[in-house]
Each structure stands twice: as C-alpha cells, then as structure tokens.
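Structural overview
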Amino acid sequence: MAEQISPVLLYILMAGMLVTGTLNTVFLKLMNLAYYTDREGKSDKQFNHAFFQTFIMFIGEFLCLGVYGIMYLRDKKKYGDASLNPQAIEAKKRGLKTNINVCILAIPACFDITASTLMFMGLTMIAASIYQMMRGLIVFVAAIFSIIFLGRRYHRHHWTALAFVVGGVAIVGASPVIFPNNDDDDDDDAGKMAIVGIILVVVAQLFAGGLMISEEKLLGSYYLHPLKVVGWEGFWGCTIYLILLLIFQFITCGDKTICPHGRLEDTPQAFYEMGSNPGILLYGIGSILSIAFFNALGVSVTKFASAAQRSTIDTSRTLLIWGVFLLKPGEGREKFIWLELVGFVLLVLGTLVFNEILVIPILGFNKNTKDAIEARKALEDDREDIEDSYNGNMPTKKGKVAAEKEKLLDTDSEN
C-alpha cells in the first residue's frame, strides 16, 4: 500500500512543484533578457549563452544526487540496510534489479544534453510561453517512438488526443510568426528569429523523446529511485558539458544568432557578464535550485499522489508562465494573442485525453481506456469462474487455488 500523508502537506508539495517548475523557465528567460555592461562601458547587450545555461541546468540535476543520498541514509538508519526498504523488497519479488552500472545512465544523459541545448537556444529567440507550449509536442513524439521501439499499441482516444496535441502545437507555433511580439520596424527579423527558435524547440522534442524511450528501454528491468537516475544523469551531463564548453571555446563562427560572441560558447565571457550584472548571477542560481527542487518535489507528488496529477501540474505551469510574462513590466512582456490561446486549449485537451485524466464518454472514446480494459478483463474472469463452477471444473487461477487447497485437506485427513 502506498504511503499516506496529510492532504494539506500533499497540496503544499503540489504547489511547490508548480511554483518551482514555473520559476525554472522564468529564471532562464530573465537571464536572456538581462543586460550587462561590456568592457567599453556600454550596456546595450543581453546575456546570450544557451550552452552555458544547459550546463548550469545539469548542475541542478546533479544536486538531486545529494537529496537521494540523504534519503538513502534515512532508509539505512530506519531499516538497517537501505536495500531492505519496502519498495526495494517488492521490486526484488517482481524480479527487478536494484543495482546498476551508472555508466549506462550516460546514454539517456546524451539525449538530455542535445534536447536541452536545442531548447535553450530556442528560448533565446522566442517568448517563454511559446517555448513552454511547444514542449507539449513531447506527448506526440514519445507516443510515436513507443510504437516504433517498444511495440506499444494505442486506441481511438489516444490518436484523437495526439491530433489535438499536434494541432495545438502548430497553432501556437504559427502565432508569433503571424503576430510578432514587437511593434517596431524589425518585424521581419523577429518573425525569422521566431521560426528558427520554434524549429529548434521542435527538433529538441525528438531528442527528448529519445531520452524517455532510452530510459524505459534501458531501465525497464531495474528498480531505481527517480532521484538517483536524475542525479546521475546530471553528473554525466556536467562531466560531458565541461569537456564541450572547453571545445566550444575554440570554435569560432560569424553567425551572430548562434555565436553572439564570435565563438560557439564563450564561458569566461558568461562569468564576466554575471559579474557585471549580479541579477544574471541570481537568476542562474535560481534556475539551478528550481530545477533541483522541481525534480525532488515531482518525485514526492508521484509517490504520494499519482503520475497523472503530476502530469496535470506540469501542464498547469504553462499557464502560469504565460501569465507571468503577460503581466511582466518592461522588456520581455508578451502581448496576448488569441491564436496562442486556441492552441493552448487544444494542447491541454489533447494531453489530458491522452493520459486518460479526461475521459470522453461518447463515440467509443471510453471503450479502450486502461480502466475500461481492466474492468472487461475482470468481468471475463468472473464469467469464466461461473461457467467452470457450473461444469464442475475450475481451471482459472481462483479455481486452481481452490483445487490445491482441497488436495491438501485430503492429504491431511489421510495422514
């Protein structure tokens, strides 16, 4: 039986997950909007270091390993051995392995590195709300990949939901191109930047889908605490990115969109800009802590509530991020675009229907939900038991158990 906590504490955990998830995107975007004073005394340039931002995100994930370590020591103190906690014992009964070579986790970490880098590059070019909504395409990508690589089968309500998701993402993606966010003469440039940013975020979802499928494929036979997985992926992300940042420092290019400082990434320049404007440094620290708390609280919500509720919260933070930047004063403030709202509604509807949080009770959309399939199976088992009892034999599981008990009773009576 799952552990129980008070409803008040559960709501606090859920609110914490919603707030930290929102703050993570807000802090990253505020970093991009912040100006710094260059070595010539000018303050007309903004922080633009997508690769460096990806690195600090992995620092946040790496911190989750510390949280896992605290939980490991708690279980060790409580049970005498951390491997004797109820979840680990139950996993062993089901034939799952509890120890893993952590080098395996470098594989999903590589998918995460690519996905996060592309998304953060896209975030420098598009509004935060558009960025967050476009990430909703992961539902479609993960579904298609799970069919190809895991042999999954989906039903009518799933495919309808995926159509809503794709339609919603397409509308959201079109909205900044049709209605650019700025009111100056650079609308053409803004539209081109928005298109590039949207393409980067969309391509990133292919790697994010690869992350999810690789985790399921590689870790399907293991029982591992989610914070342990996130922490080790953060470790590999930090390790690989330290090498990449060193290499990027020597790769020069003239495209100001990709290389605003004349090289693929200028890490010393990023530190200089944070020193020039302490606000950038604070936003960076905030993004590290928010991603760490978001993952830790997310695990707790899934443990004490359900994965569906966690999914709903994750969807809700998109609305909160949008609200923050609609109300934000000064540069970076978004204007309300009705087309974006239409796309958002379709995206949310598709996500809820796909995860069966919202069940449509008409036209057979509720016929093959998980609950409906389980209910049919239980009904068929009961019908078989009734038929077998009439025929005098009981070949089902219940019947076999009853027959075994009867044999034991007969043996005992003979002895």
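Please refer to the structure higher up on the page.
Keep in mind the model is a prediction, meaning the values are calculated, not measured. (Residues numbered from 1 in each chain as written. Predicted model: local features only at pLDDT ≥ 70, side-chain atom pairs only at ≥ 80, totals over all residues. Heavy atoms only, no water.)

A short note on helix H4 (residues 106-123)
Here H4 is 18 residues long and its end C-alpha atoms lie 25 Å apart, about the 26 Å a rise of 1.5 Å per residue gives. In terms of residue burial, H4 counts as a mostly covered element, since 14 of its 18 residues are buried. (Helix = DSSP H or I, 4+ residues; strand = E, 2+ residues; numbered from the N terminus. Expected span 1.5 Å × (residues − 1). Buried < 20%, exposed > 50% of the residue type's maximum accessible area, 1.4 Å probe, protein only.)

Focus: the pattern of salt bridges
Scanning the entire structure with this criterion turns up six salt bridges. Its salt-bridge partner being Lys 45, residue Asp 38 comes within 3.2 Å of it at the nearest N-O pair. Taking the relative accessible area as the measure of exposure, Lys 45 reaches 37% and is therefore partly exposed. In this structure, Asp 266 and Arg 263 form a salt bridge, with 3.9 Å as the shortest nitrogen-oxygen distance. (Salt bridge = Lys/Arg side-chain N within 4 Å of Asp/Glu carboxyl O.)

So, the side chain of His 49
On the secondary structure map, His 49 appears in the loop between strand S2 (45-46) and helix H2 (50-79). A polar contact of 3.1 Å, which involves the side chain of His 49, links it to the side chain of Glu 273. In this structure His 49 touches His 261, Glu 265, Asp 266, Gln 269, Ala 270 and Glu 273, once residues within four positions along its chain are discounted. (Polar contact = N/O pair within 3.5 Å; in protein donor to acceptor, adjacent residues only side chain to side chain. Contact = heavy atoms within 4.5 Å.)

Focus: the packing of aromatic side chains
Two numbers describe a pair of aromatic rings. These are the distance of the centres and the angle of the planes. Under the counting rule described, the total for this entry stands at 14 aromatic pairs. Geometrically, the ring pair formed by Phe 58 and Tyr 241 is tilted, given 6.4 Å between the ring centres and 35° between the ring planes. With a gap of 183 residues between them, Phe 58 in helix H2 and Tyr 241 in helix H9 (residues 226-248) connect regions that are remote in the sequence. Judged by its relative accessible area of 0%, Phe 58 falls in the buried class. With relative accessibility at 1%, the residue Tyr 241 sits in the buried group. Taking 6.3 Å as the distance between ring centres and 45° as the angle between the ring planes, the aromatic pair formed by Tyr 68 and Tyr 72 counts as tilted. (Phe/Tyr/Trp six-rings, centres within 6.5 Å; stacked < 30°, edge-to-face > 60°.)

Brief notes about the packing of H2 against H9
Taken N-terminus to C-terminus, the directions of H2 and H9 make an angle of 150°; their axes are 7 Å apart at the nearest point. Between H2 and H9, the angle falls in the class roughly antiparallel. Crossing hand, H2 versus H9: left-handed. (Axes fitted to C-alpha atoms, helices over the stretch in contact; angles between N-to-C directions. Parallel < 35°, antiparallel > 145°, perpendicular 65-115°, else oblique. Left-handed = near helix turned anticlockwise from the far one by under 90°.)

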